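# An overview of the molecular structure
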Amino acid sequence: MSLNSILDSLPEDAKSQLFEKLLGILFKSKNVDKADPAYIARFLHLAKEGLLRSNECLKTMLYIAVSMEGEETSSVLSERAELIKLRDAVFS
Amino acid sequence: MVKFGIEFVPRDVYWRTVYYAIESEKSGFDYVWITDHYNNRNVYVTLTLISNYTNSIKLGTGVTNPYVCNPVFTATAIASLAEVAPNRVVCGIGAGDYVTLSTIGLKFEKPLAYVREAVEIIRTLASGETLNLDGDAFKIKGARLNYKSPSKIPVYIGAQGPAMLKLAGEIGDGVLINASHPKDLKEAVSRIKEGVFKANRKIEELDTAAYTSFSIAEDESKAIEAAIPVVAFIVGGSPNVVLERHDIDLEKAQAIKDALVQGKFGRAFKNVTSDMIEAFSIAGTPKQCIDKIERVLETGITQFVVGSPIGPDIIKSIRMIGEKIIPVF
């Protein structure tokens, strides 16, 4: 399954919780040098356009979070049963 | 209607500050002010990036100073920024602080002359005119930019002392008053009015902004805890006349000053009292903050600037202000 189709299948509350958790990783991590500037630019662009809760933004945040804090991101994706498929897709 | 501004210190990686600004615009803030310190990310780089990722929020230096940054360069930078974001740029300028300037070998001298002449230099050059100035602080002979700002750039003067506040009333398009308590703001507005009267202007011509130390959270104790370091530094830099105005224990204030000078920050923070928090910050729950902002606005303030630390969690605090504070006013 693609990331998009997994994200499409997630209930809204799971998406919302995932967004807040990823935001926490992005803004608390000390590994800022590991974030890809292209993904950061994409994230900021989507934030400007009001598309923070979109699949595109969640995917972008996932890429950034994995590069900054791989283990923590994996742990976040293990917290809810609905996110396990996402974790497996991201880390496969 | 009162305007709301928010201050960010670009000490963190650029994109986090840009994101805070995006959240601020969406939360209803009218102005974003970025501080200018040599040891943080550059203010103009930060503001340019913010301009690219926002649509309407006004963009200001909050504040630059004419010692570290020659006002000719400030004119160049601010006019360039105005090309990127026409009608959105404002220039905040003040005298800077003695400690920072001495760290980098600069003398804090003739602050009134430096600021007054800097304002003239910035206004003249940014508007594309030729400048000749034989001042006490700057000597300029026939300087002119090869371009001009496409829109007028209002100049705000950062001020705390009586003479600088008066100067702000005399020549500023706005003033950024470094204070959080109605007592200090009332006193400041009186001094600004003296300058306004001297220049035969009207107070309504100025945007009079309270540049506060602000901290908001649903849990009051967390809001206060976040404000303590900022308040310690404010107490450390306040003259006794200001401390006495708020009945602050001078011995405790001195203990904070001594600890800060020695780099013993933990000790300094432990000496911060509830009186100090009350005098030098607006910290608390949304309801408490609303009550305090109402008292601030009674002093004649036209812009309320949410300054550091904003809250224990910056993003949550920005959203909280957008949901629970700004709509009330």
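The structure contained in this document is the topic of the report that follows.

About the cut-offs
Just so you know, the residues in each chain are numbered from 1, in the order the chain's sequence is written. As a convention, the first chain written is A and the first ligand written is 1, with the rest following in written order. Residues qualify for local features only when their pLDDT is at least 70, as the model is predicted, and side-chain atom pairs are given and counted only at 80 or more; totals for whole chains, interfaces and linings, by contrast, use all residues. The numbering of helices and of strands both runs from the N terminus, where a helix is a DSSP run of H or I of at least 4 residues and a strand a run of E of at least 2. In this scheme the burial state of a residue depends on its C-beta neighbours within 10 Å: 20 or more other such atoms mean buried, 12 or fewer mean exposed, and anything in between means partly exposed; the C-beta positions come from the backbone. Whether two residues are in contact depends on their C-beta atoms, placed from the backbone: they are in contact if these lie within 7 Å. It is over C-alpha atoms that the radius of gyration is taken, and the globule rule equals 2.2 Å times the number of residues to the power 0.38. The residue classification treats Ala, Val, Leu, Ile, Met, Phe, Trp, Tyr, Cys and Pro as nonpolar and Asp, Glu, Lys and Arg as charged. All others, Gly included, are polar. A helix is expected to span 1.5 Å multiplied by its residue count minus one. The angle between axes fitted to the seven-residue stretch ending at a residue and the seven-residue stretch beginning at it gives the bend at that residue.

Before going further, it helps to spend a moment on the overall build of chain A. Secondary structure assignment for chain A yields 6 helices and 0 strands. Traced from its N-terminal end to its C-terminal end, chain A shows the element sequence α-α-α-α-α-α. With the C-alpha coordinates of chain A rotated into their principal frame, the extents come out at 30 × 30 × 20 Å. Taken over 92 residues, chain A has a buried fraction of 29%. When contacts within chain A are restricted to residue pairs at least 6 apart in sequence, those whose partners lie at least 24 apart make up 71%.

Within chain B one finds 14 helices and 11 strands. The globule rule puts the C-alpha radius of gyration for 329 residues at 20 Å, and the 19 Å found for chain B is close to it. Counting only C-alpha atoms, chain B reaches 55 × 40 × 40 Å along its principal axes. Taking all 329 residues of chain B together, 50% fall into the buried category.

Contacts between chain B and chain A engage 9 residues on the former and 7 residues on the latter. Sort the elements by how many residues they give to the side of chain B that touches chain A and helix H1 (residues 14-26) of chain B lands first, with 5 residues. When grouped by side-chain class, the residues that make up the side of chain B that touches chain A number 7 nonpolar, 1 polar and 1 charged.

On to helix H8 (residues 220-237) of chain B, then. All names here are of chain B. Here H8 contains 18 residues, and its C-alpha end-to-end distance of 25 Å stays within 8% of the 26 Å for a straight helix at 1.5 Å per residue. Ile-228 marks where H8 bends most, by close to 40°; the proline Pro-229 follows one to four residues later. In the core, the buried residues of H8 are packed alongside strand E9 (207-216), helix H10 (250-261), helix H11 (265-270), helix H12 (274-280), strand E10 (282-284) and strand E11 (303-310).

That is the geometry; function is a separate question.
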